[in-house]
Amino acid sequence: MVNSKLKPLEGIVVPLVTPLSGDNRIDMDGLNNLIEHVIRGGVHGIFILGTTGEAQSLSMSQREEMIKETSRILGNRLPLLVGISDTSLTDSVALAQKAYNCGAYAVVATPPYYFATAQSELIDYFENLISLLPLPLFLYNMPVHTKVSFDPKTIKRIAQNEKVIGFKDSSANGTYLQTVMYTMKDDPEFMIFVGPEEMTAEMVLMGAHGGVNGGANLFPELYVELYNAAKSHDIEKVRDLQEKVMRISTGIYSKGKYGSSYLLGLKCALSVAGICPDFPAMPFTHFGEEYRKMIEKEMVEIKSML
């Protein structure tokens with residue numbers, strides 16, 4: 001039974017990297033190190049099996065293992081959000097059941113992908129999915145990968161169901177997110193989070209509940225401090241911290257030539273920091289020596305700023 005009185009979540013929710021070994025298995029030492037690192041950094045929640053967690057490159061058994069082991073290590077110290085996005089409604093429900101069994105706070109789902117869905121089809125799909133879920137749901141907007149964006153009116157329609165408790169936007173479109181926030185303004189308990197860390201402070205200043213920021217895997221304290229500054233409207237501090245966030249964004253995520261550069265750079269930086277291995281899931285491969293040296297140099301310079 002879904003708890004309609006669930007305590008609202010605010011702050012920095014880290015979209016956890018999935019640490020992998022060279023043989024494509026989940027690296028348990030790395031997972032433990034990473035979780036303890038972000039908890040020490042003060043994050044307010046953990047989100048697994050999202051984009052940064054490479055969910056779509058993991059098998060169902062790996063995703064279920066990630067839910068089980070993250071929950072075990074976390075031990076209810078922070079709210080756990082679990083990505084259930086899939087092209088199969090059955091598999092999404094199975095992941096949600098696993099998350100429920102492991103004590104997760106909520107599940108998170110994008111639109112199904114491959115064939116682009118119409119807004120009416122999105123409504124039908126999510127109404128079907130929601131009826132089968134044992135946990136509350138965050139809608140997850142990631143149009144660059146799903147080829148469709150939730151219309152703000154579609155969000156409002158789907159959110160009429162009390163199981164739908166929030167929205168995470170990774171469109172990097174500030175006007176769009178402002179429109180969603182305006183559309184949902186009569187429901188202050190509906191939680192709105194922004195993905196791109198470059199926009200987090202701006203959106204929190206405008207009323208968003210927080211950020212789901214990949215850089216918090218590396219430097220959790222920085223993103224928590226940025227959220228706190230924005231929440232308290234300390235504009236001078238926001239400006240100072242934003243400079244550091246942008247240095248990470250331009251220095252770590254831009255190495256490499258392809259769309260995978262964000263993920264490969266982040267995982268390489270985590271490896272350089274000694275937190276977890278840098279192996280991505282197939283079909284990608286980790287940075288070679290040339291790019292690793294670039295990341296090592298960036299990490300030295302970034303740490304000198306913090």
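This section reports on the structure supplied with the text. (Residues numbered from 1 in each chain as written. Predicted model: local features only at pLDDT ≥ 70, side-chain atom pairs only at ≥ 80, totals over all residues. Heavy atoms only, no water.)

Broken down by element type, the protein chain carries 12 helices and 8 strands. Here the C-alpha atoms of the protein chain give a radius of gyration of 18 Å, agreeing with the 19 Å that 2.2 N^0.38 yields for 306 residues. Counting only C-alpha atoms and orienting by the principal axes, one finds that the protein chain spans roughly 50 × 45 × 35 Å. Long-range contacts, defined as pairs at least 24 residues apart, comprise 73% of the intrachain contacts of the protein chain with a sequence gap of at least 6. About 13,300 Å² of surface is accessible on the protein chain, with carbon and sulfur atoms providing 52% of the total. Positive and negative side-chain charges in the protein chain, numbering 28 and 35 respectively, have mean positions lying 1 Å apart. (Helix = DSSP H or I, 4+ residues; strand = E, 2+ residues; numbered from the N terminus. Rg over C-alpha atoms; globule rule 2.2 N^0.38 Å. Contact = heavy atoms within 4.5 Å. Areas by Shrake-Rupley, 256 points an atom, 1.4 Å probe, with all protein chains shown as cover. Lys, Arg positive; Asp, Glu negative; His and termini not counted. Charge placed at Lys NZ, Arg CZ, Asp CG, Glu CD.)

So, about the sheet that holds strand S5 (residues 137-141). One key point about sheets: their strands pair by backbone hydrogen bonds, in either a parallel or an antiparallel sense. Strand order around the closed barrel formed by 8 strands is S1-S2-S3-S4-S5-S6-S7-S8, with parallel pairing between neighbours. Helix H4 (residues 119-131) rests against strand S4 (106-109), S5 and strand S6 (164-169) of the sheet, and its axis sits at about 150° to S5. (Pairing = 2+ DSSP bridges. Axes fitted to C-alpha atoms, helices over the stretch in contact; angles between N-to-C directions.)

The next point concerns empty space enclosed by the protein. For the coordinates displayed, the defined rule picks out 1 cavity of 30 Å³ or more. By volume, the largest cavity is sized at about 70 Å³. Looking at the largest cavity, the residues that line it are Leu-9, Val-13, Phe-47, Leu-81, Val-108, Phe-138, Phe-167, Lys-168, Phe-193 and Val-212. Among the residues making up the lining of the largest cavity, the classes are represented as 9 nonpolar, no polar and 1 charged. (1 Å grid on protein atoms, 1.4 Å probe; cavity = no way out; pocket = protein on both sides within 12 Å on 5 of 7 lines; lining within 4 Å. Points joined across faces, edges and corners; volume = space filled by probe spheres on them. Nonpolar A, V, L, I, M, F, W, Y, C, P; charged D, E, K, R; others polar.)

What follows is about unusual backbone geometry. The peptide bond linking Met-282 to Pro-283 adopts the cis configuration, its omega dihedral lying at 20°. Tracing the sequence through the fold places Pro-283 in the loop between helix H11 (261-272) and helix H12 (289-305). For Asn-76, which is not glycine, the phi torsion reads 65° and is therefore positive. In this structure, Asn-76 sits in the loop between helix H2 (60-74) and strand S3 (80-83). One non-glycine residue, Ala-172, adopts positive backbone phi at about 60°. Mapped onto the elements of the fold, Ala-172 is located in the loop between S6 and helix H7 (174-183).

If you look at the biggest cluster of nonpolar residues, it comprises 90 residues, and the most contacted ones within it are Leu-16, Ile-46 and Phe-126. Counting residues per element, this core draws most heavily on helix H9 (residues 220-231), at 7 residues. Contact partners of Ile-46, with chain neighbours within four places excluded, come to Val-13, Val-14, Leu-16, Ile-35, Val-38, Leu-74, Leu-78, Pro-79, Leu-80 and Leu-81. Formed by 14 residues, the second largest nonpolar core is a distinct cluster that contains Phe-47, Tyr-105, Ala-106 and Met-142. (Core = buried A, V, L, I, M, F, W, Y, C linked by side-chain atoms within 4.5 Å. Buried < 20%, exposed > 50% of the residue type's maximum accessible area, 1.4 Å probe, protein only.)

Geometrically, a packed helix pair is captured by the angle between its two axes and the distance between the axes. Two elements in contact, H11 and H12, have axes separated by 9 Å at closest approach and are oriented at 65°. Classified by the angle between their axes, H11 and H12 sit roughly perpendicular to one another. Considering how the two elements wind past one another, H11 and H12 form a crossing that is right-handed. Taking contact as the criterion, the partners of Gly-265, Cys-268, Ala-269, Ser-271 and Val-272 in H11 are, on H12, Arg-292, Ile-295, Glu-296 and Met-299. Grouping the constituent residues of the contact of H11 with H12 by class yields 5 nonpolar, 2 polar and 2 charged. (Parallel < 35°, antiparallel > 145°, perpendicular 65-115°, else oblique. Left-handed = near helix turned anticlockwise from the far one by under 90°.)

On to the pattern of salt bridges, then. In the structure shown here, the tally under the stated rule is 18 salt bridges. One salt bridge connects Glu-236 with Arg-239, and the closest N-O pair in it is separated by 3.0 Å. One end of the pair, Glu-236, and the other, Arg-239, are both in helix H10 (residues 235-252), 3 residues apart, so they sit about a helical turn from each other. With a relative accessible area of 55%, Arg-239 lands in the exposed category. Overlapping salt bridges bring together Arg-247, Lys-255, Lys-297, Glu-298 and Glu-301 as one network. (Salt bridge = Lys/Arg side-chain N within 4 Å of Asp/Glu carboxyl O.)

Our next topic: the pairing of S3. Alternating positions in S3 separate into two faces, Leu-80 and Val-82 on one and Leu-81 and Gly-83 on the other, with burial throughout. Between strand S2 (residues 45-48) and its parallel partner S3, the chain crosses via H2, and the hand of that crossover is right-handed. By the bridge criterion, 3 bridges tie S3 to S4 in an arrangement that is parallel. Among the inter-strand pairings, Leu-81 is bridged to a residue of S4, identified as Ala-106. (Right-handed = clockwise from strand over helix to strand, strands pointing away.)

When you line up the elements, Thr-200 lands in helix H8 (residues 200-205). Take Thr-200: its relative accessible area is 0%, and that puts it in the buried class. If sequence neighbours within four positions are ignored, Thr-200 has contacts with Ile-12, Val-194, Gly-211 and Asn-213.

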